[in-house]
Amino acid sequence: MELDEVETIAVLGAGNMGHGIAEVAALAGYDVNLRDIKEEFVQNGYEQIEWSLGKLAEKEQISEDEADAALDRVTPLVDLGEAVSNVDVIIEAVPEKMEIKKDVYADVEANAPDHAIFATNTSSLSITELSEVTDRPEQFCGMHFFNPPVRMQLVEVIAGDHSSDETLDLIEDLAEAMGKTPVRVRKDSPGFIVNRILVPLMNEAAWMVYEDEATIAEVDSTAKFDIGLPMGLFELTDQVGLDVGQHVLEYMHDVLGEAYRPCPLSQEKLENEHLGKKTGKGFYDYEDGGADVPT
Ligand code: 3HC
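Residues numbered from 1 in each chain as written. Predicted model: local features only at pLDDT ≥ 70, side-chain atom pairs only at ≥ 80, totals over all residues.

Where an unreviewed UniProt entry is consulted, the protein chain appears under the name enoyl-CoA hydratase, with the organism given as Salinirubrum litoreum.

Okay, the overall build of the protein chain next. For the protein chain, the helix and strand inventory stands at 12 helices and eight strands. Here the protein chain has a C-alpha radius of gyration of 19 Å; the compact-globule value for 295 residues is 19 Å, and the two agree. Judged by the C-alpha coordinates and their principal axes, the protein chain covers about 55 × 45 × 35 Å. Within the protein chain, buried positions represent 47% of all 295 residues. At a minimum sequence separation of 6, the contacts of the protein chain that also span at least 24 residues come to 65%. (Helix = DSSP H or I, 4+ residues; strand = E, 2+ residues; numbered from the N terminus. Rg over C-alpha atoms; globule rule 2.2 N^0.38 Å. Buried ≥ 20, exposed ≤ 12 C-beta atoms within 10 Å, placed from the backbone. Contact = placed C-beta atoms within 7 Å.)

V11, A25, I90, C141 and I171 are the most contacted members of the largest nonpolar core, which has 80 residues in total. The element best represented in this core is helix α1 (residues 16-27), accounting for seven residues. Taken domain by domain, this core gets at least three of its residues from each of domain 1 (3-185) and domain 2 (195-279). Each residue touching I90, except ones within four places of it in the same chain, is listed here: A10, L12, V84, V108, A112, A116, F118 and A119. (Core = buried A, V, L, I, M, F, W, Y, C linked by C-beta atoms within 7 Å. Domains from an automatic or database assignment.)

So, on to the packing of helix α9 (residues 216-227) against helix α10 (residues 233-240). Two elements in contact, α9 and α10, have axes whose closest approach is 7 Å; the angle formed by their N-to-C orientations is 95 degrees. Compared by their axis directions, α9 and α10 come out roughly perpendicular. Between α9 and α10, the residues in contact are I216, V219, D220 and A223 and L233, F234 and E235, respectively. (Axes fitted to C-alpha atoms, helices over the stretch in contact; angles between N-to-C directions. Parallel < 35°, antiparallel > 145°, perpendicular 65-115°, else oblique.)

Positionally, P190 belongs in the loop between β8 (181-185) and α8 (194-210). A sequence separation of 65 residues divides P190 from L125, and the C-alpha atoms of the two residues are 6.0 Å apart. Ignoring anything within four residues of it in the chain, the contact list for P190 reads S124, R196, Y251, M252, V255 and L256.

A word on unusual backbone geometry. Following N147, the chain continues to P148 via a peptide bond in cis, the omega torsion being 0 degrees. Assignment of secondary structure puts P148 in the loop between β6 (140-144) and β7 (154-158). Residues other than glycine seldom take positive phi values, yet F192 does so here, at roughly 55 degrees. For F192, the position within the fold is in the loop between β8 and α8. The backbone of E273 shows a phi angle near 60 degrees, a positive value even though the residue is not glycine.

For an interface, size is often stated in terms of accessible area lost upon the parts coming together. The domain architecture assigned to the protein chain consists of domain 1 (3-185) and domain 2 (195-279). For domain 1 versus domain 2, the separation of C-alpha centres amounts to 26 Å. Across the contact, seven residues belong to domain 1 and 10 residues belong to domain 2.

As paired elements, β7 and β8 share five bridges and run parallel to each other. When the bridges of β8 are listed, E156 appears paired with V183. (Pairing = 2+ DSSP bridges.)

What follows concerns the environment of L34. Its place among the elements puts L34 in strand β2 (residues 31-35). Each C-alpha atom, one on L34 and one on A93, is 10 Å from the other, the two residues being 59 residues apart in sequence. Not counting the four nearest positions on each side in its chain, L34 is found in contact with V11, A14, G18, H19, A22, V42, G45, Y46, V74, T75, P76 and L77.

Residues in contact with the ligand amount to 18 residues; listed here are only the nearest, S52, S123, N147, P148 and P230. Among the residues forming the shell around the ligand, the class breakdown is 11 nonpolar, five polar and two charged. Looking at which domains feed residues into the shell around the ligand, each of domain 1 (3-185) and domain 2 (195-279) supplies at least three. (Near = placed C-beta within 6 Å. Nonpolar A, V, L, I, M, F, W, Y, C, P; charged D, E, K, R; others polar.)

Our focus in this paragraph is the packing of α8 against α10. Close contact between α8 and α10 brings their axes to 9 Å; oriented N to C, the two are set at 120 degrees. On the basis of the axis angle, α8 is oblique to α10. For the pair α8 and α10, the sense of crossing is left-handed. In this structure, α8 uses L201, M202 and A205 to contact α10, whose residues at the interface are L233, F234, L236 and T237. Across the contact of α8 with α10, the residue classes break down as six nonpolar, one polar and no charged. (Left-handed = near helix turned anticlockwise from the far one by under 90°.)

So this is what it looks like as structure tokens:
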């Protein structure tokens, strides 16, 4: 398939990444089926897209008409068969658990047209292993966006062992058509390039605070003002989601070993569903509209 044959895209999962990817695709002129397992999840994702498009229009990065047209291109759905049966590309952004993703791919394979390309937004899991659940592993690759997708430029396009060059070229072209800069990752290893480096950095920051070697405020101000990161490492963990970071680390720990052991600092927050910005609380408190700085 060539890029100009791509008209409709399904995005599976309407969470932080899913709704952001759907927004980026709709802004690029694609019709998008946004699907999640519950009406409330998909509705929440749709409302987040509406909010984000409103912000972009308010800041005159797009016009009001462009915002309305992009929202019109998004169809929120719960039925998986309906979401994937008539699409050209399926971008999957369901929770970062191998078993959940494998179950989804078995259902998607049964419902998707033969020509459709499968692209997973997994943050760390094996592309090869996921592709082998389907009957089309050569039409399968990674397409890893960064949070928040509408603001972040990079997309990692990851080759699984079976991904064909045609599939990788098409997904790179699609990323460019969405206004992004694709980087090809030729080796399917845990965390690919960015998360292999970034997630252990966030974990190391947590160990420093856990071992009482620094405070959250000290680590974050150092990261921003001395290391030059756009956000502090705890702010970034809140942005990405503590649950997402934890899933990535657990997988890297299982596959790569002890150096990637998750810090227990996040455990209590995870148990209390303080997952970061998306739940209003993480390492920082966002509930009154701004971040309270912890010590
Ligand atoms: N849509 C529209 N507007 C948005 C938005 C969205 N999705 N998200 C935030 N905004 C708005 C805010 O509401 C705020 O609006 P306001 O000015 O009216 O209050 C405004 O954007 C903030 O934007 P600014 O440009 O003023 O702020 P920054 O200069 O701080 O930029 C940032 C924000 C681009 C997020 C920047 O802080 C950044 O680059 N942070 C690092 C993010 C990063 O590294 N992400 C990757 C994480 S790793 C990952 O995702 C991989 C995964 O697999 C784990």
